[in-house]
Amino acid sequence: MTRLDTLRGPAEPLDHNARTIAALAVNPGCDRRALLDAAGVDKQRTATHLGFPAPFGQSPFAITRAKSFDALVKANGCAHLLRLLRSTLDLSISEASYSDISDVGGNDDHQVRHTRTRALLKRAATDGDGAGTLFDHPLLKLTVAGHEVYLEPAVIAFQIEGRFHIVEIKSFAVIDDQADAGQVAAAARQSAVYVHALRALFTAEGLDPGRISHNVVLVCPKDFANHPTATLLDVRQQLAALERQLSRLTRIDRILDELPIGITFDLETQSPDEVGKAVATVGARFAPECLASCEMSLFCRAEARDRESTDVLGRAARDELGGIESIPAVLGLADDSRPPSPEQLEIAEQLRYVRRIYTEAVA
Amino acid sequence: MSIMSSYARALAVQNGRAQPVATVRHLHLSATPMVFIPLKLAGEAAAPLAALVGTDPANPRLLVVPQPRNRDLRFAFMAELAEVLLPYIEGLAGVTETVEAKTPYERCADAPQLLVPNRGGIAFTKLLGRSTRFRRTDGPYPVHPSVPVLGQWLTFLSERAEYAGSSALVSMTDALALHWATGQSSMEDANLATQLAWIAPPEGLDGPEAALVAEDPLTSPPAGPETHPDFDGQVLEYAIQAFETSGSAAQVREALRSQLEPTWTLMWQGVRLLRELPEAATVEARWARDRDQFTRETARLAEGGFPRGRVDGAVSAAIRLADLESALQAYEAQRAFDDPLVMIEHRVAGKAFSGEVVAVDATRRIVPAGKTRAAPRPLVTIRTSDPVRLSPGRRLVSSRNRKQRTEIVDITGDLVVIQVNDQMGRGATPAPGSVPEVGDVVCYAELDPSGGQRPRLPAGEDTPWTHGGPPEPYVPTDEDAQEAWS
Ligand code: SF4
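What counts and how
Residues numbered from 1 in each chain as written. Chains lettered and ligands numbered in written order. Predicted model: local features only at pLDDT ≥ 70, side-chain atom pairs only at ≥ 80, totals over all residues. Heavy atoms only, no water. Domains from an automatic or database assignment. Contact = heavy atoms within 4.5 Å. Buried area = accessible area lost by both parts, 1.4 Å probe. Salt bridge = Lys/Arg side-chain N within 4 Å of Asp/Glu carboxyl O. Polar contact = N/O pair within 3.5 Å; in protein donor to acceptor, adjacent residues only side chain to side chain. Helix = DSSP H or I, 4+ residues; strand = E, 2+ residues; numbered from the N terminus. Core = buried A, V, L, I, M, F, W, Y, C linked by side-chain atoms within 4.5 Å. Buried < 20%, exposed > 50% of the residue type's maximum accessible area, 1.4 Å probe, protein only. Patch = residues over 30% accessible without salt bridge, like charges linked within 9 Å, V, L, I, M, F, W, Y side chains within 5 Å. Areas by Shrake-Rupley, 256 points an atom, 1.4 Å probe, with all protein chains shown as cover. Lys, Arg positive; Asp, Glu negative; His and termini not counted. Charge placed at Lys NZ, Arg CZ, Asp CG, Glu CD. Pairing = 2+ DSSP bridges. Axes fitted to C-alpha atoms, helices over the stretch in contact; angles between N-to-C directions.

Attention now goes to the domain arrangement of chain B. Residues and elements named next belong to chain B. As assigned here, chain B comprises domain 1 (3–310) and domain 2 (340–445). The C-alpha centroid of domain 2 is placed 43 Å from the C-alpha centroid of domain 1. Facing nine residues of domain 1, the contacting portion of domain 2 comprises seven residues. Together domain 1 and domain 2 conceal approximately 600 Å² of surface at their shared face, both sides included; 74% is due to carbon and sulfur atoms. By the criterion of area lost to domain 2, the three top residues of domain 1 are Ile3, Met4 and Thr23, representing 58% of everything that side buries. One can count zero salt bridges joining domain 1 with domain 2. On inspection of domain 1 and its partner domain 2, the count reaches zero residue pairs in polar contact (both at pLDDT 80 or more). Looking at which element gives the most residues to the side of domain 1 that touches domain 2, the answer is helix 1 (residues 3–15), with three residues.

Shown next, in the form of structure tokens:
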């Protein structure tokens, strides 16, 4: 049993998905999330155990809609999808084969599926077959913080003439050629995770990772109908950001080394109080963005509030306040009741000035 | 966001209550605003689910779509919404006043004002407009005649909402954030319930305590347009099934009423809070623009004007962008001159300063560049402790006369010397009161309340071929009218 297994307890480790990896990369400075994710801890259950259930969930209507759209795109041997691929990639795909890797001969074991994914992709890459090939649910692996994780296979890998594209099916609408910017950005970040993982696999197999396109095919419903439309999404920027952030992620070993001996987040044997204390030994870096992306967010926010941290005001506010860590320190510098350290001289002067004219104007 | 508002947020945490970031109200508030809280079905682009709407706090009207996937029921909902909104809008269009101008013209004395809870409400209003304005009352999928009219109005209102300073369609959380800094992040301020908890916590609770209570989806359901996923899974799904089997919408109505009523109360609480603030000086002028636009749209529709096309042509898009930019500049400047608390942001940034006049050379005359005769160009010296980041030659506007043009001549230490260029009468010396006097406290800023220079753009019909040539005017098509809405 590894140290990470001990931390998690007997529960099965949780799979990663592109959303969680993208979220991890959004907050690369957070040791807490990095460790919980690396250990495959169920953050949702942990947060609930601690009395801070995650502030988000998914509506059954949204799930149904996503599934039915997915099914529509893939219906009749991916007829819609092939039509869209032809037009968006400007290819004359005469025929295409389709392999689903969600299970291998009834076996849905991760290791088996991953091996199969690798074998299929490698063959497609080396045979250089002119025909199109769709690989649905490819199970990829990714190294996160020095630790290998499986990536939930929510995309299709498409191969033609030795080049590969990630195809992502999303159920948010593109209306008059415009989609919700936030959702497109999220989709781009998630697709970048798959491009990255697929390139890593190619590199490991001694294949040229450049054969995986940075142009992702995003399939969405058009306007208010259910009719799918496809757009090419250039994810180079997201890819660069992801790679930078992944490389910056603190190595899990370093976090583990700093942990007190014998600590565990095992929900079966530990009381909420004990789990809370254990979680608190791992440093966090709360930002309000966590509220939309991390299951632990209400716990971490309460902790940040207790510490009177400027983190609760948001990153922008914290930056404007010169990065000063605590709210009492900000106010103390402003009203001159706290002497500034040498590096705080400039911000302290600004804060004193802001306080003076603010007080004047409010009076 | 600035160091001032961030400081106010820190102060809010310490005091357990939101802090003011404005001393006057920067938006128009109608005597009878129409509060509109729309809900949509999760996962769908624009499937209306319900709305609570009305101008009387004691008497909201609840509209629901008992099976949101049913197209006919959706259009029935839109027709019902039109029953509420069209009489309100068209009633206001009926009363006009004559505006004294070079060519006097008629303008609506009042205009509609729609208040929605948040930006999501604005975006959804826009989508509702988009999905209904092309519909026809005949042909394969006929709709009630009021539906496309409502679609045009919703489109008009959501377009106005893009103009800074327009009060035609207002998001309540944005309106409140303009006036108060809470002790939570600006992201969390998009939650009307917690934002109001910080601004006006109920008896016995402080802001953070009240905000925690307000985060409980049972007591404060989301203000829309999305409903809470737990509500969807535990209540709504069954209520819709009940409608499918029994044909009675009662269960759906009650479920959705429970989700909407708390927000209804909050919306009117927000209205009361905003009303307590005195109206800022330039609000009336900006509302007059809203009324102008409303008058024009009324006339356009009366002449059978076509709905706005799906996408703008190159020139109209460029004109629109320039208009938006100019409205934003004017609004920022007007707000700062209307409100010393807002001016702080610009003073902190070094683009404005306030101080006392310590010397005036009122009789100074020079020959201005390009002129042949000497004219009065008085110099005013101001002592300020603000961190001025301006340089000689920069043109400034004064808070005491926003039309007067002045420029910086010299900055030495805490002394700023400005030269007054106009608005001094026709005499050889400045008219009394047209130039500040020693001892006056003044404020100057590099802000232009008139919205700055507008780029000159060709008329639509002169669109150069590089930009696609003159656009084909939008003509309604069958395809648009019959577009699926599934
Ligand atoms: S919520 Fe907590 S654990 Fe999650 S990323 Fe934020 S700070 Fe880290």
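Okay, back to it.
Core analysis: the largest hydrophobic core is formed by 102 residues, its most contacted members being Leu35(A), Phe265(A), Met296(A) and Leu351(A). When residues in this core are grouped by element, the largest group, 10 residues, is from helix 7 (residues 181–204) of chain A. Setting aside its immediate chain neighbours within four residues, Met296(A) contacts Leu36(A), Lys43(A), Thr46(A), Ala47(A), Leu50(A) and Val279(A). Listed in part, the 50 residues of the second largest apolar core include Ala62(A), Leu39(B), Leu52(B) and Leu274(B).

Let us now look at a negative patch on the surface. Where like charges cluster on the molecular surface, the negative patch consists of Asp100(A), Asp103(A), Asp108(A) and Asp109(A). Structurally, Asp100(A) is set in strand 1 (residues 96–100).

A word on the pattern of salt bridges. Residue and element names in this part refer to chain B. Overall, the coordinates contain 48 salt bridges over all chains when judged by the stated rule. A salt bridge links Arg61 to Glu80; the shortest N-O distance between them is 3.6 Å. Residue Arg61 is located in strand 4 (residues 61–64), and its partner Glu80 is located in helix 2 (residues 71–93); the two are separated by 19 residues in the primary sequence. Of the residues examined, Arg61 reaches a relative accessible area of 32% and is grouped as partly exposed. Of the charged contacts in the structure, one is a salt bridge between Glu162 and Arg320, with a shortest N-O distance of 2.3 Å. Placement of Glu162 in the loop between helix 4 (146–160) and strand 8 (169–171) and of Arg320 in helix 11 (residues 314–338) is noted, with a sequence separation of 158 residues between them.

What follows deals with the sheet that holds strand 10 (residues 352–361) of chain B. Remark on secondary structure: sheet strands pair via backbone hydrogen bonds, oriented parallel or antiparallel. Residues and elements named next belong to chain B. The six strands lie next to each other as 10-13-16-15-14-17, forming a closed barrel whose pairing is antiparallel. The mean angle between the axes of side-by-side strands here comes to 45°, regardless of whether they run parallel or antiparallel. The pairing of strand 14 (residues 395–398) with strand 15 (residues 405–412) spans three bridges and is classified as antiparallel. Opposite Leu396, over in strand 15, you have Thr406 as the bridge partner. Against the sheet, helix 12 (residues 340–348) engages strand 10 and strand 17 (441–445), with an angle of about 85° to strand 10.

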